[in-house]
Amino acid sequence: MQKTDHKSIHGSGKRQRVRTNMVNVFIMGKRHVVPEHATIMRAIEHAGHQIIRGAGCREGFCGACGTLYRLPGDYKLHTGLACTTLVQEGMVLAQIPYVPMQKAVYDLEKLTPDAGTIEKVYPVTFRCVACGTCSKACPQGLPVMDYIQAAMRGDIATVADIAFDCVACGLCALRCPAEIIQHEVGILCKRLTGRYLRKESRELDERLGEIRSRKFDAEYDELMAMDKKVLTKLYYDRDIEP
Amino acid sequence: MYPEYLTESLNAVERTRPARLEKALSGQPVFPPMNEKERRDVLTKYHPDFAAGSKRPIRIGPNRGEELTTEVAEMLEAHSMIEPKLMDIHLREPDYETDLLIIGGGGAGCWAAIQAARNGVKSMVATKLRMGDANTMMSEGGMQAAVSRSDSPTRHYLDAMGGGHFENVPELVRVLTEDGPDVVRDLENLGVVWDKMDNGDMQVLHGGGTSRKRMVSCRDLIGATIMRTLMDEVKNHPDMINTREFEPAVELILDDKGQCAGAVLYSLDTEQFLTVKAKSVIITTGGYGRLHIRGFATTNHYGATGDGLVMAYRAGAKLAFMDSVQYHPTGAVFPEQIAGFLVTEKIRGAGGQPLNKDGELFVFPREPRDIESAAIIRECSPDRDMGIDTFAGRMGVWLDSPIIDLIHGAGYTRHQFPGICRQFDRFGIDIAKQPMLIYPSLHYQNGGIAINERCETSIPGLYVAGEASGGVHGRNRLMGNSVLDYNVFGRRAGQYASEYSKSVTLGKINVNHVTAHAEELVREGIDTDLVSPLILPSYTPEDVKIQQMARLGNIPARHSMLRSRFSPGERKTHL
Ligand SMILES: Cc1cc2nc3c(=O)[nH]c(=O)nc-3n(C[C@H](O)[C@H](O)[C@H](O)COP(=O)(O)OP(=O)(O)OC[C@H]3O[C@@H](n4cnc5c(N)ncnc54)[C@H](O)[C@@H]3O)c2cc1C
Ligand code: FES
């Protein structure tokens with residue numbers, strides 16, 4: 001390990017100084033020395049790369065930053081999100097710029113929320129051999145295989161529930177020996193759930209009716225024409241629901 | 001896990017907790033809220049918007065003479081990426097032609113494309129990174145919409161106007177609030193899984209500044225849920241919507257009648273400039289957090305560099321409210337890897353308390369966003385020096401979250417804040433047991449390109465929607481109103497722009513305004529080495545950057561990597 005001095009910009013809660021421990025990482029096989037507390041993403045940038053493909057939200061929401069890596073003395077190929085995974089001494093890594101997957105094109109209005117739909121839209125789903133590779137690959141720690149099994153049973157709502165936090169990085173699909181596109185099945189099932197498996201709101205129907213019949217026009221006109229002083233008073237006097 | 005040197009301060013937090021809890025349970029304010037004078041004082045002394053040098057007059061363009069946020073003014077007074085003379089052939093023979101060009105594939109952009117398709121108009125969405133790599137993907141808390149019986153759209157109107165200090169454009173706030181309920185239904189029909197009650201009615205909660213519960217949600221992932229639904233729908237219409245990823249726009253194209261007629265795109269993969277001729281254009285490029293105004297960390301996505309402002313301004317569109325910046329009081333500062341990560345306001349709503357290094361409260365936890373931020377900055381400033389040093393080059397204060405379970409019962413935090421728990425769990429911090437370290441984070445672009453309720457700008461054929469636009473929120477946006485904003489105005493922009501496309505006829509297209517901009521820079525004696533739009537921020541260490549900029553003949557720019565690979569000798573150009 002080496003030590004180095006860091007200077008950061010002043011102001012905004014940032015201070016100068018600070019000694020950081022450094023570690024060796026191998027970005028696409030080439031050695032770089034980076035701060036030990038860096039995420040994979042920051043390490044790549046520290047090395048001088050401008051990331052183009054491989055960063056989106058930078059905070060674990062979007063799935064743009066899927067990464068493969070190996071660690072010294074470990075035979076396994078690991079998967080992770082570059083923006084939330086820390087580097088380790090000796091890590092060998094590469095980002096996945098793009099995962100070629102076919103999203104099916106469909107008309108949600110013509111589908112029904114059942115196994116038949118999964119069979120029609122993503123038939124490959126039924127090749128699942130329940131090996132669990134997808135669950136192991138998931139950087140969110142989701143039990144991906146469980147939702148694929150639920151999809152095969154036609155339990156659409158359960159798929160939506162388990163896949164709720166999926167970031168669609170595609171690492172599961174990339175590792176799946178049966179070539180299933182797990183994250184797309186998840187998105188399809190979420191949409192089917194939202195569209196078909198929930199009770200509609202009567203309250204919302206009423207509100208939409210009121211708006212259509214222009215019930216609020218007069219009130220809007222009055223508020224919009226109101227003197228700022230009067231409006232201010234109205235605002236500070238309004239009652240607040242507990 | 002927190003490093004050892006913080007143990008003493010962490011112990012202080014534990015030590016003061018029983019007394020603070022007692023006070024919290026007593027129903028009394030845990031700390032005296034500020035009066036008007038104290039508020040004014042802390043704001044003017046410590047809020048970044050009031051700091052010396054935070055604003056300056058812009059010397060060129062439609063807002064000339066007006067005070068703007070300094071970083072914004074700098075970016076507007078920068079050079080274009082293109083040499084207009086070299087664009088001639090590509091203007092004569094455009095690379096693409098489309099009825100409607102949508103710049104930016106976030107929430108507003110996807111809505112615009114979907115709505116245009118419903119209206120029978122084909123469109124092209126050009127976006128910087130992948131579709132959905134956008135601020136829209138990241139929102140956690142929720143969206144305001146007046147859906148319940150005890151609420152009404154006009155009440156929502158009053159709340160929004162008050163939040164914006166009555167400076168918002170009334171016509172915009174009206175459509176924002178009146179379209180809200182329909183947006184909820186439209187999204188549900190597209191398959192968004194809303195949080196609902198057993199009877200099917202929407203679950204609603206309070207947000208900062210709401211007088212009725214009207215925050216609708218999708219657990220703590222409303223952004224990802226809506227974004228993925230909209231993207232999926234866009235991709236279900238390949239015949240109507242053509243998407244181009246990694247091809248950000250860098251300049252608009254006008255015609256000889258002064259109508260907006262397309263844009264110049266810059267392929268990040270091949271570094272080509274491509275021309276798009278379009279009957280109308282919608283800018284949905286989102287916000288500017290990645291400008292790191294005043295050096296602040298940000299909650300925003302990688303591509304949030306305010307490009308739309310630059311393009312529209314050069315083409316002659318007017319900006320509104322570009323002198324105010326929203327800082328979220330509670331951005332994470334530790335661990336360093338998630339610096340800037342948003343810790344939702346709901347934490348303080350549930351009883352979380354900001355504390356200094358001695359574990360003492362120094363501000364009422366639920367002051368308005370700007371006041372709360374200023375008070376935290378004051379605590380960390382040399383004037384008080386009561387902040388906590390992260391030794392990764394940042395300062396912060398504690399946000400005591402363990403007190404939440406003590407107030408509401410064990411398990412409450414994990415149940416209500418799964419997203420935030422997961423984020424901190426990754427680093428061995430259980431926020432139900434240990435506090436978080438926070439500092440204000442650059443969050444939202446309050447102003448933007450001025451629009452009317454049809455999303456029209458001062459340039460015919462140019463429409464704007466979402467965070468890139470200005471007027472809806474005045475100088476202060478309330479929580480939940482920006483998710484509503486991109487849904488309402490994205491949909492409207494798609495409708496009105498596609499209608500316009502059906503009847504407009506274009507003249508000869510050009511980028512003369514870019515030439516005029518260059519001339520204006522010279523005329524005003526502006527000497528700058530900045531090139532804008534910025535496209536992506538550079539996080540390359542300075543020493544590496546200097547080596548990258550050693551290339552002969554390169555214009556040194558902030559986004560050096562993007563420009564430094566051009567070598568005039570190898571390519572045939574007119575240079
Ligand atoms: C962490 C976080 C949490 C939030 N939470 C909430 C919340 O709870 N409630 C709420 O109401 N609001 C919230 N907001 C704010 C809200 O999410 C955003 O204001 C809103 O999503 C903006 O939508 P948009 O479509 O205008 O922009 P974006 O969603 O940011 O989309 C802009 C798109 O344009 C692309 N783009 C940029 N420049 C170019 C270019 N030159 N050419 C082509 N494409 C370009 C970008 O890459 C991006 O895809 C939050 C924001 C953040 C960052
Ligand atoms: S960059 Fe979005 S998940 Fe990593």
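Along each chain, residue indices are assigned from 1 in the same order as the chain's sequence is written. Think of it this way: whatever chain is written first is A, whatever ligand is written first is 1, and the rest follow in order. Local features in a predicted model are, by the rule used here, given only for residues with pLDDT of at least 70; side-chain atom pairs are given and counted only at 80 or more, and totals for whole chains, interfaces and linings are based on all residues. Side-chain figures throughout are based on the complete set of non-hydrogen atoms in the structure, without hydrogens or water.

## Details of the overall build of chain B
The cut-off we apply is this: Starting at the N terminus, helices and strands are each numbered in turn, a helix being any DSSP run of H or I of at least four residues and a strand any DSSP run of E of at least two. In this setup the radius of gyration rests on C-alpha atoms only. A globule is expected at 2.2 Å times the number of residues raised to 0.38. Think of it in three bands: residues with accessible area under 20% of the maximum for their type are buried, residues over 50% are exposed, and the middle band is partly exposed, with areas taken using a 1.4 Å probe on protein chains only. Should any heavy atoms of two residues lie within 4.5 Å, those residues are considered in contact. All accessible-area figures derive from a Shrake-Rupley calculation using a 1.4 Å probe, and residue coverage is judged against the displayed protein chains alone. We score Asp and Glu as negative and Lys and Arg as positive, and we do not count His or the chain ends. Here the site of a charge means atom NZ of a Lys, CZ of an Arg, CG of an Asp or CD of a Glu.
Looking only at helices and strands, chain B features 18 helices and 20 strands. Computed over the C-alpha atoms, the radius of gyration of chain B is 24 Å, within 12% of the 25 Å expected from 2.2 N^0.38 for a compact globule of 575 residues. In terms of principal-axis extent, the alpha carbons of chain B reach across some 75 × 60 × 40 Å. For chain B, the proportion of its 575 residues judged to be buried stands at 68%. Taking as baseline every contact in chain B between residues at least 6 positions apart, the subset at least 24 positions apart corresponds to 73%. If you sum the accessible surface of chain B, you get close to 19,800 Å²; carbon and sulfur atoms cover 50% of it. Distance from the positive charge centre (64 side chains) to the negative charge centre (74 side chains) of chain B: 2 Å.

## Observations regarding the interface of chain A and chain B
Defined as follows: Defined in terms of a 1.4 Å probe, buried area is the accessible area two parts forfeit on being brought together, summed over both. Between Lys or Arg on one side and Asp or Glu on the other, a salt bridge is scored when a side-chain nitrogen of the former is within 4 Å of a carboxyl oxygen of the latter.
The partner chain B presents 101 residues to the 81 residues of chain A that form the contact. Of the roughly 8,300 Å² buried at the junction of chain A and chain B (both faces included), carbon and sulfur atoms supply 52%. Across the chain A-chain B interface, the total number found is 16 salt bridges. Put simply, A:Asp165 and B:Arg422 hold a salt bridge, and the shortest N to O gap is 2.2 Å.

## Describing the confidence of the model for chain B
Put simply, the rule is: One number per residue, pLDDT, summarises how confident the predictor is, and it ranges from 0 to 100.
Averaged over all residues, the pLDDT of chain B equals 92, while 95% of them reach at least 70. Across residues 554–575 of chain B the pLDDT falls below 50, and counting only partners more than four positions away or on other chains, this stretch makes 48 contacts in the model.

## A few points about the site of ligand 1
Residues and elements named next belong to chain B. To be explicit about the condition: Residue proximity to a molecule or strand is established when one non-hydrogen atom of the residue lies within 4 Å of it. Distance and chemistry together define a polar contact, namely a pair of N or O atoms within 3.5 Å, with one atom able to donate a hydrogen and the other to accept it when in protein, and with adjacent residues in sequence counting only for side-chain atoms on both sides. Here the nonpolar group is Ala, Val, Leu, Ile, Met, Phe, Trp, Tyr, Cys and Pro; Asp, Glu, Lys and Arg are the charged ones; every other residue, Gly included, is treated as polar.
Near ligand 1, the surroundings consist of 40 residues, among which Ala108, Thr136, Glu467, Ser482 and Val483 are the closest. A distance of 3.1 Å is found between an oxygen atom of ligand 1 and a backbone nitrogen or oxygen belonging to Gly480. Between ligand 1 and Ser482, the relevant distance is 2.6 Å, taken from a nitrogen atom to a side-chain nitrogen or oxygen of the residue. In isolation ligand 1 exposes 1,000 Å². Once the protein is present, 99% of that is buried. Broken down by secondary-structure element, the contributors of at least two residues to the shell around ligand 1 are helix H5 (107–118), helix H9 (307–315), strand E16 (436–445) and helix H15 (481–503). Considering only residue class, the shell around ligand 1 consists of 12 nonpolar, 22 polar and 6 charged.

## A look at the domain arrangement of chain B
Residue and element names in this part refer to chain B. Short version of the rule: Domain boundaries shown here were taken from an automatic or database domain assignment.
Split into domains, chain B comes out as domain 1 (4–50 + 329–441) and domain 2 (84–324 + 446–510). Centre-to-centre separation of domain 1 and domain 2, based on C-alpha positions: 33 Å. Taken residue by residue, the interface counts 19 residues in domain 1 and 14 residues in domain 2. Across the domain 1 to domain 2 interface the summed buried area is about 1,400 Å²; carbon plus sulfur atoms make up 55%. Together, Pro48, Lys346 and Arg369 form the three largest contributors to the area buried by domain 1 at its contact with domain 2, with a combined 31%.

## Looking at the side chain of A:Glu45
Residue position: A:Glu45 is located in helix H1 (residues 40–46). Note on A:Glu45: relative accessible area 1%, which makes it buried. For A:Glu45, the contacting residues outside a window of four places in its chain are A:Ile51, A:Arg58, B:Tyr302, B:Tyr539, B:Thr540 and B:Pro541.

## Notes on the domain arrangement of chain A
Residue and element names in this part refer to chain A. Annotation of chain A at the domain level lists domain 1 (20–95) and domain 2 (108–197). Summarising the inter-unit geometry, the C-alpha centres of domain 1 and domain 2 are found 28 Å apart. Facing 11 residues of domain 1, the contacting portion of domain 2 comprises 9 residues. At the boundary of domain 1 with domain 2, total buried surface from both sides reaches about 700 Å², with 64% on carbon and sulfur atoms. Summed over the three residues of domain 1 that lose the most area to domain 2, namely Gly63, Thr79 and Leu81, the buried surface amounts to 52% of that side. Between domain 1 and domain 2 we count 0 salt bridges in total. Between domain 1 and domain 2 we count 1 residue pair in polar contact (both at pLDDT 80 or more) in total. For the side of domain 1 that touches domain 2, the elements supplying multiple residues, two or more each, are strand E4 (66–70) and strand E5 (78–81). In the side of domain 1 that touches domain 2, the residues fall into 5 nonpolar, 6 polar and no charged.

## Comments concerning the sheet that holds strand E11 (residues 319–320) of chain B
Note: strands within a sheet are paired through backbone hydrogen bonds, in either parallel or antiparallel orientation. Residues and elements named next belong to chain B. Which entries qualify depends on this criterion: Between any two strands, at least two bridges found by DSSP are needed for them to pair.
Taken in spatial order, the 3 strands of this open sheet run E11-E17-E19, and their pairing is mixed. In this open sheet, the two strands that pair with only one neighbour each are E11 and strand E19 (469–470). Of the pairings in the sheet, the one linking E11 to strand E17 (residues 448–450) comprises 2 bridges and is antiparallel in character. For Ala320, the partnering residue across the bridge sits in E17 and is Gly448.

## Notes on unusual backbone geometry
Residues and elements named next belong to chain B. Going from Phe334 to Pro335, the amide bond is cis rather than trans, its omega being -5°. In this model, Ser532 is joined to Pro533 through a cis peptide bond whose omega is 0°. Checked against the element boundaries, Pro533 lands in the loop between helix H16 (512–523) and helix H17 (542–548). Not every positive phi belongs to a glycine, and Phe166 is a case in point at roughly 60°.

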